[in-house]
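If you want the building blocks of each chain, they are given just below.
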Number of protein chains: 4
Amino acid sequence: MLKVGIVGGTGYTGVELLRLLAGHSQVQLHAITSRADAGSPVSQMFPSLRGHVNLNFTHPDEAHLEQCDMVFFATPNGIAMQQTRELLDAGVRVIDLAADFRIKDIAEWEKWYGMSHACPDLVAEAVYGLPEVNREKIKKARLIANPGCYPTAVQLGFLPLIEAGVIDTSSLIADSKSGVSGAGRKAEVHSLFSESADNFKAYGVAGHRHLPEIKQGLSVAANKAVGLTFVPHLTPLIRGIHATLYGKLTQNVDLQTLYEQRYANEVFVDVLPVGGMPETRSVRGSNTCRIAVHRPQGGDTVVVLSVIDNLVKGAAGQAVQNMNIMFGLPEAEGIDMIPLLP
Amino acid sequence: MLKVGIVGGTGYTGVELLRLLAGHSQVQLHAITSRADAGSPVSQMFPSLRGHVNLNFTHPDEAHLEQCDMVFFATPNGIAMQQTRELLDAGVRVIDLAADFRIKDIAEWEKWYGMSHACPDLVAEAVYGLPEVNREKIKKARLIANPGCYPTAVQLGFLPLIEAGVIDTSSLIADSKSGVSGAGRKAEVHSLFSESADNFKAYGVAGHRHLPEIKQGLSVAANKAVGLTFVPHLTPLIRGIHATLYGKLTQNVDLQTLYEQRYANEVFVDVLPVGGMPETRSVRGSNTCRIAVHRPQGGDTVVVLSVIDNLVKGAAGQAVQNMNIMFGLPEAEGIDMIPLLP
Amino acid sequence: MLKVGIVGGTGYTGVELLRLLAGHSQVQLHAITSRADAGSPVSQMFPSLRGHVNLNFTHPDEAHLEQCDMVFFATPNGIAMQQTRELLDAGVRVIDLAADFRIKDIAEWEKWYGMSHACPDLVAEAVYGLPEVNREKIKKARLIANPGCYPTAVQLGFLPLIEAGVIDTSSLIADSKSGVSGAGRKAEVHSLFSESADNFKAYGVAGHRHLPEIKQGLSVAANKAVGLTFVPHLTPLIRGIHATLYGKLTQNVDLQTLYEQRYANEVFVDVLPVGGMPETRSVRGSNTCRIAVHRPQGGDTVVVLSVIDNLVKGAAGQAVQNMNIMFGLPEAEGIDMIPLLP
Amino acid sequence: MLKVGIVGGTGYTGVELLRLLAGHSQVQLHAITSRADAGSPVSQMFPSLRGHVNLNFTHPDEAHLEQCDMVFFATPNGIAMQQTRELLDAGVRVIDLAADFRIKDIAEWEKWYGMSHACPDLVAEAVYGLPEVNREKIKKARLIANPGCYPTAVQLGFLPLIEAGVIDTSSLIADSKSGVSGAGRKAEVHSLFSESADNFKAYGVAGHRHLPEIKQGLSVAANKAVGLTFVPHLTPLIRGIHATLYGKLTQNVDLQTLYEQRYANEVFVDVLPVGGMPETRSVRGSNTCRIAVHRPQGGDTVVVLSVIDNLVKGAAGQAVQNMNIMFGLPEAEGIDMIPLLP
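Residues numbered from 1 in each chain as written. Chains lettered and ligands numbered in written order. Predicted model: local features only at pLDDT ≥ 70, side-chain atom pairs only at ≥ 80, totals over all residues.

## Quick look at the overall build of chain A
Rule in force here: Put simply, DSSP H or I for four residues or longer makes a helix, DSSP E for two residues or longer makes a strand, and each gets a number counted from the N terminus. Radius of gyration here is computed from C-alpha atoms only, and the compact-globule reference equals 2.2 Å multiplied by the residue count raised to the power 0.38. Each residue gets a C-beta atom placed from its backbone, and two residues are in contact if those atoms lie within 7 Å.
Looking only at helices and strands, chain A has 11 helices and 14 strands in total. Here the C-alpha radius of gyration of chain A, 19 Å, is about what a compact globule of 342 residues would show, namely 20 Å. Expressed as lengths along the three principal axes of its C-alpha atoms, the size of chain A is roughly 60 × 45 × 40 Å. In chain A, 70% of the contacts between residues at least 6 apart in sequence involve partners at least 24 apart.

As structure tokens, this is what we get:
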């Protein structure tokens, strides 16, 4: 049994980690920390966990996370970078669900995240935890930068085209739509029900923090800098991301076969049959990314549709997938649930 | 391994049965029938099942359901009563998720359901599948009438008070609210998104089919006929029932203790602490009924709040719970999932 | 033209007042105040008002509200009572959309609202602004306590029965459901989309501030203290209140005629035909209260269904209705819009 | 007063026409036809109209539409083309809200709509009713083809760029999202609440009927055939379209000024300030199209955001706007309402 700790368990990625880990056969929950809620039962804040998680929140100072095999950071950006080194030194493996270790270019990170980085050397060491790209490195990693939600959906959608070298990588377009839980469990006016229900809007058009993360991943795949226009939108879903991706084909290729072969051995990527159009609800609560590829009217514009649950494959589920890989467990252990539909 | 068949698998209770049974360690899905969709993959209609259920829909004539240990009817009212005798004769146990066997008074049933009953003797034999009341009978039953969704939430909420004889049973009130999936996967104008989103309304105030079912159950508990006003409402949820129950106390009693003791050994009934107010999302996707009991301003009106997921504890989950009991399996096998929140 | 000011225009009742007053033929908007947003255009916060409202928010100190004919307070509880006397002294009429002047019993008010009252004498003078009850007094009033949203729906629903003396007033039940905008435009976790979408729950069962307000109004009508159990619920609507009311009939009466006659001359109360079941969307954006009265199975329990838009008849619309009455304008002026359906 | 008739008033565009026309100072509603519902009050089907519209549905054979000044067709495709000639011959002006007269290329129309056209000569005569393009022609028209909802949002968004000749028109992209009311008031499984709530998906990627309509309009503006990839999506709104448009700039231009000047005299097109991101709710219930133009990271990809209410500017409101223009009335008469927010 792995002894697992969670730092910062009062947000949506925290409760989602708890949902997944509580049902994981190889995990023993050691502690979940919260300064503000130390001492109170986790299931009081999240009644869905009543009868499944009997822990109280622990004050960070009393959590003894150094005794864990594995610690997840489900904290705001800038926290994990303060505490990771100590844990690594104690032999604990760390997965950060925030953005502290995602961007290799420190200056770029500091520009988008508006703070100085506390440990550039650990950024260099950290493995970007997209198993469909970095599985071998993840196996040996001490420290994982768990990908963002949009970056997961967009990269998995574009990768087959880019790796195969069949599209113009200078002007990719990622029109992306997210449910509101992507904004977290923070009390902010724009995330109120009365503001975001029955409403659709774009945001962050001038620039969103996931833009450099996506460009970094796609540039590695392309072996050169890619050009990307990334427009995120807010849609009245609780969970779900739908990325609609556009690129210009530079050569003829059997797109369906390309995608099916690329993901033939991936348990959590499902390529739909020709003509498919994935719905976000078809992955609700699950770790699956469903993808379909289209070439409307036989033109040279390829359209890829990619959906994930932002809290699972876009956050907590992918983190557990990474943990499974790091510890040599079956990759789907604890995260093989069937989506909830309707 | 139990060989299980499902008759009528294209509605919401059908897909929900599949979600639960596909993850059940003791079940082998034998066949799922549909006249209209015979031959097509189940996962084409319900893409959430891709990778988890590989069956095609089978034409009823080719399903050989008599080879099953257990058959579930997830059909419209009036179908199961036509086919159950033959299955029972072949040694198959049957659970009907529709209403064919729920009402013991045949004349009453025929009045509310508008058809003649095909097999009154089987109604007499059938056990009403509310495990918290009839567990011992369910163990020995061949035929289970799986309770309706409202009746499950309302009965579990009222039972402790009625069994203890502490309320006036002549004028109970059950103000009940249901998500839209309770209306099924039928193409009807009033269930359209544009009709039922951002809208709340009562319906069936003059009389709803679940009224006689609830009254029957509560009258058995009271050992006399009860009086009940039942007002169902439609609320813009996909899943979920919230029953708000009102009764007049006839004597002083420690309500919290009464409820906790009544359900102390029930794995799927969760009595909240004093002051609790259960949310429907706290049971989303799970087989749990959460209940809280209140006595506002210390008056003699007791208020009980009872929530379930109408497709799980209110339909498919309770059916699997009944199956587990009938075959001596652990009662929570396959239906012990953690609710999806948020 | 009436010169109108609004104090506190950054919440939902504020923007709704602006929507209604901007289209009112007899109103000239003089100022709308906000400390935090002084100087910025109203239409920047509420883009729906672009092209219709060209005011900027004004700092309270610079608003010269004493020059107005009419001032609306769309502020949190406890503000209006600080500023009303000065305005009245300057000859301005005042409508408070908050609760400062609603409860005549000062001790009761202080208990529920948790503060000392600044001007009990003005509470005594204030007229409770439910036009269907107090129209004559409103005509002559300087100061109006605009009713709460639940109290409007519940009182209009119960009044015909109570005034006619045909129900037992000792144990009334008001099972009430509200959309989320009723909680205002405050950044609070429980009002987040991800918390309140696809979710239904009761709240305030032990006691809600609208309880004493409703009891006060019904007791006046009954000419004695009434007993009321009031259970509010949160339902995933933006706008809308649905009150389901239960009472015990003490004599036979033609309920339909009773309701139709009571509201025969009321332009904003619509009694549905026999068997009707009002939907909240049928009043969305309008000042109408729709009511239906039922007697299920001919028993002695009467069920009344009453719906309003909580931001219009439950707040801003009723306030404008009161203003129209106070100034002798046609009662429906500016608030006669057709509901938005779908 | 204009005598106005509506053919086919039981869908969402029908009820929306009624909402707008009932409040129009220059309109007298003559008849609204429905075969199935002849004789029953309009306000029984649409209770939001109680007190505002007192008409019954009339059987088409008894409607005497030839006595009207103006007839709107709010019918399924293929109806208006059967009945328009007779009305025109009687001197009635006609606006078709369906697609019968939108596509000038008859063969193209027949391919997309799957039927033979009944009156190609009237297609030639019909004016495409986008006032921002064809106002002068509309003034003199007898027959208007009212634009589709997507085509309105997409064309208004792209027109300034195309007319100014500053983008590459060979590969435009229109990523478009629509609320569910766009599918109409038809009982279909995919439009059920339980299917489309909390869900997001693309549809019609291979080809959608609005594609040729948009291409036709943009090609006229470009004076050559344009290339367009059009991907519609379904999002859980009742009302609203959000089009996110992408194009490649071919020269430097002050985009903000370009848009502001193009629409300087348009009462129903609102260009947001620099950096704006329009929300669908900011136009809910109104005839306004709000547009913002962006150039992310200063690259050569221009991103235009365009929102409308699909039932108003995308259907009934634009139809009334066209009527106003045809009869020399103020263009905003009857359709100048303020959007409903929240």
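## A short note on the sheet that holds strand 13 (residues 301-308) of chain B
Within a sheet, adjacent strands bond to each other through the backbone by hydrogen bonds, running parallel or antiparallel. Residues and elements named next belong to chain B. To be explicit about the condition: For two strands to count as paired, DSSP must find a minimum of two bridges between them. A fitted line through C-alpha atoms represents every axis, and for helices the fit uses only the stretch in contact; the resulting angles, taken between N-to-C directions, go from 0 to 180 degrees.
Reading across the sheet, the seven strands line up as 8-9-7-10-13-12-11 and stay open at both edges, with mixed pairing between neighbours. Both outer strands of the open sheet, strand 8 (201-202) and strand 11 (269-271), are each paired with one neighbouring strand and no more. Both strand 7 (residues 172-178) and strand 9 (residues 228-234) contribute to a ladder of seven bridges, which runs parallel. In the strand pairing of strand 9, Leu172 is matched with Leu228. Against the sheet, helix 10 (residues 255-262) engages strand 11, strand 12 (289-294) and strand 13, with an angle of about 160 degrees to strand 12.

## Quick notes on the interface of chain B and chain A
Contact residues are listed per partner, giving 25 residues for chain B and 25 residues for chain A. By residue number, the principal contributor to the side of chain B that touches chain A is helix 1 (residues 12-22) of chain B, which donates four residues.

## Notes on the interface of chain D and chain A
Each side of the interface is counted separately: chain D has 38 residues, and chain A has 38 residues. Listing elements by their share of the side of chain D that touches chain A, those giving two or more residues are strand 8 (172-178), helix 8 (193-196), strand 9 (201-202), strand 10 (228-234), strand 11 (241-248) and strand 14 (301-308) of chain D.

## What to know about the pairing of strand 13 (residues 289-294) of chain D
Residue and element names in this part refer to chain D. To keep it simple, the criterion reads: Three exposure classes are used, based on other C-beta atoms lying within 10 Å of a residue's own C-beta, which is placed from the backbone: buried for 20 or more, exposed for 12 or fewer, and partly exposed in between.
Extensive coverage of strand 13 is indicated by the burial of six of its six residues. On strand 13, burial covers both faces: Cys289, Ile291 and Val293 on one face and Arg290, Ala292 and His294 on the other are all buried. Bridge count for strand 12 (residues 269-271) against strand 13 is three bridges, and the pairing is parallel. Residue pairing in the sheet places Val271 in a bridge with Ile291 of strand 13.

## What to know about the domain arrangement of chain A
When the parts of a complex come together, some accessible area is lost, and that lost area is often taken as the interface size. Residues and elements named next belong to chain A. Test applied: The start and end points of each domain follow an automatic or database-based domain assignment.
Domain boundaries assigned for chain A yield domain 1 (2-125) and domain 2 (149-310). Measuring from the centre of the C-alpha atoms in domain 1 to the corresponding centre in domain 2 gives 27 Å. Across the boundary between the two partners, domain 1 contributes nine residues, which contact seven residues of domain 2. The leading source of residues in the side of domain 1 that touches domain 2 is helix 4 (residues 106-113), at three residues.

## So, the relation of the copies chain D and chain A
What counts here: Superposing the copies works by least squares over the C-alpha atoms of residues that have pLDDT at least 70 in both of them.
Of the two same-sequence chains, chain D is brought onto chain A (RMSD 0.0 Å, axial shift 0.0 Å) by a rotation of 180 degrees. Seen this way, the second copy is the image of the first under a two-fold rotation axis. The position closest to the rotation axis in chain D is occupied by the C-alpha of D:Pro236, lying 3.1 Å away. Of the interface residues in chain D, 100% have counterparts in chain A that sit at the interface too, so the contact is made through matching surfaces.

## A short note on the sheet that holds strand 2 (residues 27-33) of chain C
Residue and element names in this part refer to chain C. Sheet architecture is open: six strands sit in the order 2-1-3-4-6-5, paired in parallel fashion. If you trace the sheet from one side to the other, it starts and ends with strand 2 and strand 5 (127-128), each paired once. Pairing geometry for strand 1 (residues 2-7) and strand 2, over six bridges, is parallel. Paired with Val7 across the strands is Thr33, a residue of strand 2. Sheet contacts for helix 3 (residues 80-89): strand 3 (70-73), strand 4 (93-96) and strand 6 (143-145); angle to strand 4, the most-contacted strand, approximately 165 degrees.

## A few points about the relation of the copies chain B and chain A
For the pair chain B and chain A, the superposition axis carries a translation of 0.0 Å, the fit reaches an RMSD of 0.0 Å, and the rotation angle comes to 180 degrees. Here 100% of the contact residues of chain B are again contact residues in chain A; the copies associate through an equivalent surface.

## Section: the pairing of strand 11 (residues 241-248) of chain A
Residues and elements named next belong to chain A. For strand 11, the buried fraction is high: seven of the eight residues fall into the buried class. Relative to strand 11, strand 8 (residues 172-178) runs antiparallel, the two being bridged by six bridges. When the sheet's bridge partners are listed, Ala174 is paired in strand 11 with Leu245. Pairing analysis gives eight bridges linking strand 11 to strand 14 (residues 301-308), with the strands arranged antiparallel. What sits directly across from Lys248, in strand 14, is Thr301.

## Let's talk about the packing of helix 6 (residues 131-140) of chain A against helix 11 (residues 312-326) of chain A
Residue and element names in this part refer to chain A. Short version of the rule: Should an angle fall under 35 degrees it is called roughly parallel, over 145 degrees roughly antiparallel, and 65 to 115 degrees roughly perpendicular, with every other angle called oblique. The crossing is said to be left-handed when, going from far helix to near helix, the turn is anticlockwise and less than a right angle, and right-handed when the turn is clockwise.
Close contact between helix 6 and helix 11 brings their axes to 9 Å; oriented N to C, the two are set at 40 degrees. Between helix 6 and helix 11, the crossing angle belongs to the class labelled oblique. In the packing of helix 6 onto helix 11, the handedness of the crossing is right-handed. Packed against helix 6, whose contacting residues are Pro131, Arg135, Ile138 and Lys139, the element helix 11 presents Gln321, Asn322, Ile325 and Met326 at the interface.

## Focus: helix 3 (residues 80-89) of chain A
Residues and elements named next belong to chain A. To keep things clear, this is the line we draw: The directions from the helix axis to the C-beta atoms form the arc being described.
Residues Ala80, Met81, Thr84 and Leu87 constitute the buried set of helix 3. Buried residues in helix 3, looked at end-on, bunch into an arc of 115 degrees, giving them a common side. For helix 3, the exposed residues set more than 90 degrees away from the buried face come down to Glu86 and Asp89. Looking at the buried positions of helix 3, the neighbouring elements they touch are strand 4 (70-73), strand 5 (93-96), helix 5 (120-125) and strand 7 (143-145). Following helix 3 by one or two positions, Gly91 adopts a phi angle in the positive range, close to 85 degrees.

## Quick word on the environment of A:Glu16
All names here are of chain A. Inspection of the secondary structure assignment puts Glu16 in helix 1 (residues 12-22). Note on Glu16: 29 C-beta atoms within 10 Å, which makes it buried. Note: C-alpha distance between Glu16 and Ala315 (299 residues apart in sequence) is 8.7 Å. Those residues in contact with Glu16 that lie beyond four places of it in its chain are Leu311, Val312, Ala315 and Ala316.

## Structural notes on the environment of C:Ala206
Inspection of the secondary structure puts C:Ala206 in the loop between strand 8 (201-202) and helix 9 (210-222). Residue classification places C:Ala206 among the partly exposed residues on the basis of 14 C-beta atoms within 10 Å. Between the C-alpha atoms of C:Ala206 and C:Ala187, which are 19 residues apart in sequence, the distance is 24 Å. If we skip the residues at most four places from it in the chain, C:Ala206 touches B:Gly275, B:His294 and B:Pro296.

## Some details on unusual backbone geometry
With an omega of 0 degrees, the peptide bond between A:Leu341 and A:Pro342 qualifies as cis. Of note, A:Pro342 is situated in the segment after helix 11. One non-glycine residue with positive phi stands out, namely C:Asp198, at about 50 degrees. Backbone geometry at D:Asn223 places phi at a positive 65 degrees, although glycine is not the residue there. Residue D:Asn223 is classed as exposed on the basis of its 11 C-beta neighbours within 10 Å.

## Some remarks on the packing of helix 7 (residues 149-163) of chain D against helix 9 (residues 210-222) of chain D
Residue and element names in this part refer to chain D. Stated precisely, the cut-off is as follows: When residues are sorted by character, Ala, Val, Leu, Ile, Met, Phe, Trp, Tyr, Cys and Pro go into the nonpolar class, Asp, Glu, Lys and Arg into the charged class, and all the rest, Gly among them, into the polar class.
Two elements in contact, helix 7 and helix 9, have axes separated by 10 Å at closest approach and are oriented at 25 degrees. Judged by the inter-axis angle, helix 7 sits roughly parallel to helix 9. The chirality of how helix 7 crosses helix 9 is right-handed. On the side of helix 7, the interface is formed by Tyr150, Pro151, Val154, Gln155, Phe158, Leu159, Ile162 and Glu163, while helix 9 contributes His210, Glu213, Ile214, Gly217, Leu218, Ala221 and Ala222. Here the residues of the contact of helix 7 with helix 9 are counted per class, giving 10 nonpolar, three polar and two charged.

## Quick look at the environment of D:Asn146
All names here are of chain D. Residue placement: Asn146 occurs in the loop between strand 7 (143-145) and helix 7. Along the backbone, Asn146 and Gly129 are 17 residues apart, and their C-alpha atoms lie at a distance of 4.9 Å. Those residues within four positions of Asn146 in sequence are excluded, and the remaining contacts are Ile95, Asp96, Leu97, Gly129, Gln318, Ala319 and Asn322.

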